[in-house]
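Chain by chain, the residues:
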Amino acid sequence: MKVAYWPGCVSRGFTSELHGSMAAVAPMLNIELVELDRANCCGAGVIAEHSQELADTLNARTFALAQQEITQGADLMMNICSTCQGAQSECQQRLDASADYRAQVNETLSDEGLEYQDGIINKNFLWVLVEDIGLDKLKTLVRNPLTDLRVGPFYGCYIVRPTDRLDINRDQPRDEYLGQVIEALGGTVIDYAGSHKCCGFPIITMNKAASLEQAGRHLGDAVDADADCLVTPCPLCHLNLDLQQPMAAKQVGRELNMPVLHLPQLVGLALGISPDDLGLQHHIVKPTSVIDWSQAVVGGVGGW
Amino acid sequence: MAEFKLKIRRYDPQSGAAPYWDEHTVELEPHRSVLEGILQARNEKDGSIGVRCSCRAAICGSCGVRVNGKPGLACHTHLDDALASAGEDGVIEVEPMGNMPIIKDLIVDMDAVHWKKIQRVTPWLIGKEPVPEREYIVSRESMIDVTQSMACIQCGACVSDCLSMEVDPLFIGPAALAKTYRFVGDPRDAAHEQRLKDLGEDKHGIYDCTHCFKCIEACPKGVAPMNQIMRLRRIAGNDFHIKDRNNGERHEMAFVKNIEKNGILHEADLLPDSYGGKFHPRAVPELISSLPIVMTALLRRKMTPAKALLHPHRAPDGVKKIYEIVEGRDERNEFNLYISGTDADNEPNPEVAAAAEVAEPAAVAPDGSEGSSA
């Protein structure tokens with residue numbers, strides 16, 4: 001399949017290993033990435049907090065650029081960031097609700113010759129994996145099953161709430177997909193209190209103690225549940241859970257040492273890509289347990 | 001009639017014993033409520049089960065509990081729906097709400113947390129002077145807007161699930177902040193700026209919310225507290241330029257300007273700018289405290305000095321144009337779905353239109369004439 005690909009800002013900034021690992025995984029999943037390199041930041045909810053119209057117009061611009069790719073053969077727009085998914089879906093809900101409002105926004109975009117037409121399909125990589133590629137297909141591609149790897153899912157708020165806007169329901173349990181993917185890759189899903197909670201990142205500059213307390217508590221819960229690592233589709237969560245983990249450990253007064261993987265990295269390990277090619281060496285918390293384990297399995301499985 | 005298994009969390013803090021689960025089977029029609037199930041268990045099996053309820057019709061807000069981990073009103077949750085969201089064992093779990101101390105079993109201390117916070121935000125209208133001789137006319141839009149927060153029945157479901165309050169019990173929280181918007185959004189209130197300044201001074205005020213959407217999901221009445229908090233931030237920052245003690249407004253403006261300049265986020269600038277700029281006294285301790293992490297990140301080549309210090313990305317002209325037009329407007333253009341509804345909502349309902357057509361002959365006067373003078 002071919003997707004209009006929006007990597008987001010953080011995946012090209014402080015978590016560039018995410019962008020790199022997506023690029024490494026895509027061909028193996030037969031996804032052609034057409035990067036939207038002229039598109040702009042989704043606003044992460046902060047621009048909407050300042051001005052809804054500004055956030056809506058900026059995202060309408062990104063959608064319009066994606067629609068140009070869709071008319072040229074891309075199947076849909078894909079992102080790799082929970083926060084982008086949530087912030088963009090929120091703006092899309094307003095843009096799609098009213099033809100009058102859409103016309104105002106399109107008037108602002110007209111200088112650049114862009115126009116957003118309602119109803120774009122914009123999915124996170126996690127949703128594409130389950131809904132478009134399919135878990136059965138994914139299972140057939142696994143070369144190094146994640147046997148004995150105990151993985152805790154960490155979704156990020158923006159991709160699980162509010163459920164009505166994100167079309168999460170019994171027929172489409174998007175808030176259970178991470179567990180389904182971990183299982184399809186051969187791993188064990190760890191049930192712990194923090195999986196659907198907030199990492200605390202949005203208030204890191206406003207109430208640092210509360211922010212780090214959130215990250216530290218969820219990481220600690222994962223440690224107590226005997227997880228080997230966490231996996232997240234959100235690079236902003238990754239910043240608080242990995243980059244800030246030494247500070248979070250100080251805040252909650254305990255050792256954590258919990259590796260946190262980006263979703264494409266976990267998929268990549270199971271598909272047989274080397275940890276280095278997935279950028280695991282760039283993490284603040286060294287994913288030692290994960291890498292030792294995957295190398296052991298590569299040895300054991302041999303030419304499978 | 002069908003059988004339902006209820007697992008109720010029991011705890012009596014005065015007994016000194018630890019909390020435990022208590023399972024009862026009740027027999028009720030599937031469309032009956034979880035509350036009726038709890039009451040049947042109490043009336044027929046164990047009279048010591050503590051539960052608070054009154055109206056049983058989702059309007060008094062007394063029976064807030066967690067059903068299968070999700071907060072809501074026990075009287076507003078059907079047993080069959082609860083069973084559908086139960087675990088594989090088919091047992092419906094009922095627990096007391098979170099973030100509040102437990103008095104007994106399913107009864108939490110609303111006074112200790114929820115009502116204290118409501119009282120904190122001056123929950124009454126401070127009228128404008130002079131008092132108008134006749135009615136104070138409020139526009140239809142403003143009225144509909146505040147009815148969203150007025151729909152709150154003080155059940156505490158949002159407080160129960162607030163993830164910020166979980167780590168910062170001093171956070172004023174979703175219910176009380178939605179109540180604040182009920183007055184800040186009301187054109188008859190005279191104290192908008194004072195209310196927002198007060199919340200800006202409080203380090204546990206409007207900028208302590210993490211955008212987690214839990215309260216929106218929890219509310220049984222569609223109040224969407226987080227949306228009201230975002231409106232409070234918008235009014236505090238844009239209309240009154242209030243400099244809060246959390247650097248909230250500074251962070252917001254740093255973010256907005258960062259995208260105007262770079263098109264995509266340049267994180268290395270955002271942190272210092274959120275504290276007032278790289279050399280600001282507020283920023284220096286923050287930057288020093290993050291030095292060890294910066295060093296590790298550089299060593300692991302997570303970031304490179306060039307990437308952090310240079311600005312390789314410039315905003316496309318299209319982005320600059322959007323800022324010029326939208327930020328240049330005299331008035332904020334805010335499309336509020338709660339007020340306007342969607343195009344689909346506003347389409348004339350064919351059934352209503354057909355009914356109106358049938359009803360039209362009734363306009364004929366009783367004497368058979370089509371006179372309009374009546």
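Residues numbered from 1 in each chain as written. Chains lettered and ligands numbered in written order. Predicted model: local features only at pLDDT ≥ 70, side-chain atom pairs only at ≥ 80, totals over all residues. Heavy atoms only, no water.

**Quick word on the overall build of chain B**
Across its full length, chain B carries 19 helices and seven strands. Computed over its C-alpha atoms, the radius of gyration of chain B comes to 27 Å, more than 25% above the 21 Å expected for a compact globule of 374 residues. Taken along its principal axes, the extent of the C-alpha atoms in chain B is 80 × 75 × 45 Å. Out of the 374 residues in chain B, the part that is buried amounts to 45%. (Helix = DSSP H or I, 4+ residues; strand = E, 2+ residues; numbered from the N terminus. Rg over C-alpha atoms; globule rule 2.2 N^0.38 Å. Buried < 20%, exposed > 50% of the residue type's maximum accessible area, 1.4 Å probe, protein only.)

**Some thoughts on the sheet that holds strand β8 (residues 260–262) of chain A**
Residues and elements named next belong to chain A. Read from one edge of the open sheet, four strands run β6-β5-β7-β8, paired in parallel fashion. Of all strands in the sheet, those bounded by a partner on one side alone are β6 (188–189) and β8. In this sheet, β8 lies alongside strand β7 (residues 229–232) in parallel orientation, the contact comprising three bridges. Within β8, the residue paired with Leu230 across the bridge is Val260. Together, β7 and β8 form the strand contacts of helix α10 (residues 235–243), whose direction differs from that of β8 by roughly 160°. (Pairing = 2+ DSSP bridges. Contact = heavy atoms within 4.5 Å. Axes fitted to C-alpha atoms, helices over the stretch in contact; angles between N-to-C directions.)

**Notes on the packing of aromatic side chains**
The tally for this structure, following the rule as stated, stands at three aromatic pairs over all chains. Seen from their ring centres, Phe63(A) and Tyr116(A) are 5.4 Å apart, and the 45° between their planes marks the pair as tilted. Taken together, the residues Phe63(A) in helix α3 (residues 52–71) and Tyr116(A) in the loop between α5 (99–109) and β4 (122–124) connect sequence positions 53 residues apart. Tyr116(A) shares its class with Phe63(A); the two are buried. For the pair Tyr101(A) and Phe335(B), a centre-to-centre distance of 4.8 Å together with 10° between the ring planes defines the contact as stacked. Taken as a pair, Tyr101(A) in helix α5 and Phe335(B) in the loop between α16 (317–327) and α17 (337–340) lie in two separate chains rather than in one. For the pair Tyr101(A) and Phe335(B), a shared accessibility class is recorded, and that class is buried. A cation over a ring is seen here: Lys7(B) above Trp21(B), with NZ or CZ 4.9 Å from the ring centre. Note that Arg231(B) overlies the ring of Tyr181(B), its terminal NZ or CZ placed 5.9 Å from the centroid. (Phe/Tyr/Trp six-rings, centres within 6.5 Å; stacked < 30°, edge-to-face > 60°. Lys NZ or Arg CZ within 6 Å of the ring centre and 35° of its normal.)

**Section: the interface of chain B and chain A**
Contact with chain B, which involves 68 residues of that partner, is made by 72 residues of chain A. Carbon and sulfur atoms supply 60% of the area buried between chain B and chain A, which totals about 6300 Å² over both sides. The largest per-residue losses of area from chain B upon contact with chain A belong to Arg300(B), Lys302(B) and Phe335(B), which jointly make up 13% of the total buried on that side. Where chain B meets chain A, there are six salt bridges. Note that Glu166(B) and Lys197(A) form a salt bridge whose closest N and O atoms lie 3.0 Å from each other. Remark: the boundary between chain B and chain A carries 33 residue pairs in polar contact (both at pLDDT 80 or more). Counting residues per element, the side of chain B that touches chain A draws most heavily on α16(B), which supplies eight residues. Tallied by class, the residues present in the side of chain B that touches chain A amount to 29 nonpolar, 17 polar and 22 charged. (Buried area = accessible area lost by both parts, 1.4 Å probe. Salt bridge = Lys/Arg side-chain N within 4 Å of Asp/Glu carboxyl O. Polar contact = N/O pair within 3.5 Å; in protein donor to acceptor, adjacent residues only side chain to side chain. Nonpolar A, V, L, I, M, F, W, Y, C, P; charged D, E, K, R; others polar.)

**Considering the nonpolar core**
For soluble globular proteins, nonpolar side chains are generally found buried alongside one another. Counting 74 residues, the largest nonpolar core has Ile47(A), Leu54(A), Leu230(A), Leu241(A), Phe255(B) and Tyr323(B) as the members making the most contacts within it. It is α3(A) that provides the largest number of residues to this core, a total of eight residues. Counting residues in hydrophobic clusters, the runner-up holds 48 residues, among them Ile80(A), Phe125(A), Leu269(A) and Leu271(A). (Core = buried A, V, L, I, M, F, W, Y, C linked by side-chain atoms within 4.5 Å.)

**Concerning the side chain of Gln85(A)**
Residue and element names in this part refer to chain A. Positionally, Gln85 belongs in helix α4 (residues 82–97). You can call Gln85 buried: its relative accessible area is 1%. Separated by 3.1 Å, the side chain of Gln85 and the backbone oxygen of Asn122 make a polar contact. Aside from chain neighbours lying at most four places away, what touches Gln85 is Asn79, Asn122, Lys123, Asn124, Trp127 and Ile159.

**Focus: the domain arrangement of chain A**
Residue and element names in this part refer to chain A. For chain A, the assigned domains are domain 1 (2–124) and domain 2 (135–301). If you look at the interface, domain 1 gives 25 residues, while domain 2 gives 27 residues. Buried surface at the junction of domain 1 and domain 2, summed over both partners, amounts to about 2200 Å²; 73% is from carbon and sulfur atoms. Three residues, Glu17, Met28 and Ser82, lead the burial of domain 1 against domain 2; their summed loss comes to 26% of the area buried on that side. (Domains from an automatic or database assignment.)

**Comments concerning the confidence of the model for chain A**
Looking at chain A as a whole, its pLDDT mean stands at 94, while 96% of the residues score no less than 70. Residue range residues 296–304 of chain A is modelled with pLDDT below 50. Its contacts to residues more than four positions away, or to other chains, number six contacts. (pLDDT = per-residue confidence, 0-100.)

**What to know about a negative patch on the surface**
A cluster of acidic residues, Asp100(A), Asp343(B), Asp345(B) and Glu347(B), forms a negative patch on the protein surface. Relative to the helices and strands, Glu347(B) resides in the loop between α18 (343–346) and α19 (350–359). (Patch = residues over 30% accessible without salt bridge, like charges linked within 9 Å, V, L, I, M, F, W, Y side chains within 5 Å. Areas by Shrake-Rupley, 256 points an atom, 1.4 Å probe, with all protein chains shown as cover. Lys, Arg positive; Asp, Glu negative; His and termini not counted. Charge placed at Lys NZ, Arg CZ, Asp CG, Glu CD.)

**Brief notes about a nonpolar patch on the surface**
Residues and elements named next belong to chain B. On the surface, Val284, Ile288, Leu291 and Met295 cluster together to form a nonpolar patch covering roughly 360 Å² of accessible area. Breaking the nonpolar patch down by element, the ones donating at least two residues are α13 (283–289) and α14 (291–299). Tracing the sequence through the fold places Leu291 in helix α14.

**Some details on helix α3 (residues 111–120) of chain B**
All names here are of chain B. Listed as buried for α3 are Val113, His114, Lys117 and Ile118. Buried positions in α3, seen along its axis, are confined to an arc of 110° and lie on one side of it. Along α3, exposed side chains directed more than 90 degrees from the buried face belong to Asp111, Lys116 and Gln119. Against the buried residues of α3 lie α5 (157–161), α6 (163–167) and α7 (174–184). (Arc of directions from axis to C-beta.)

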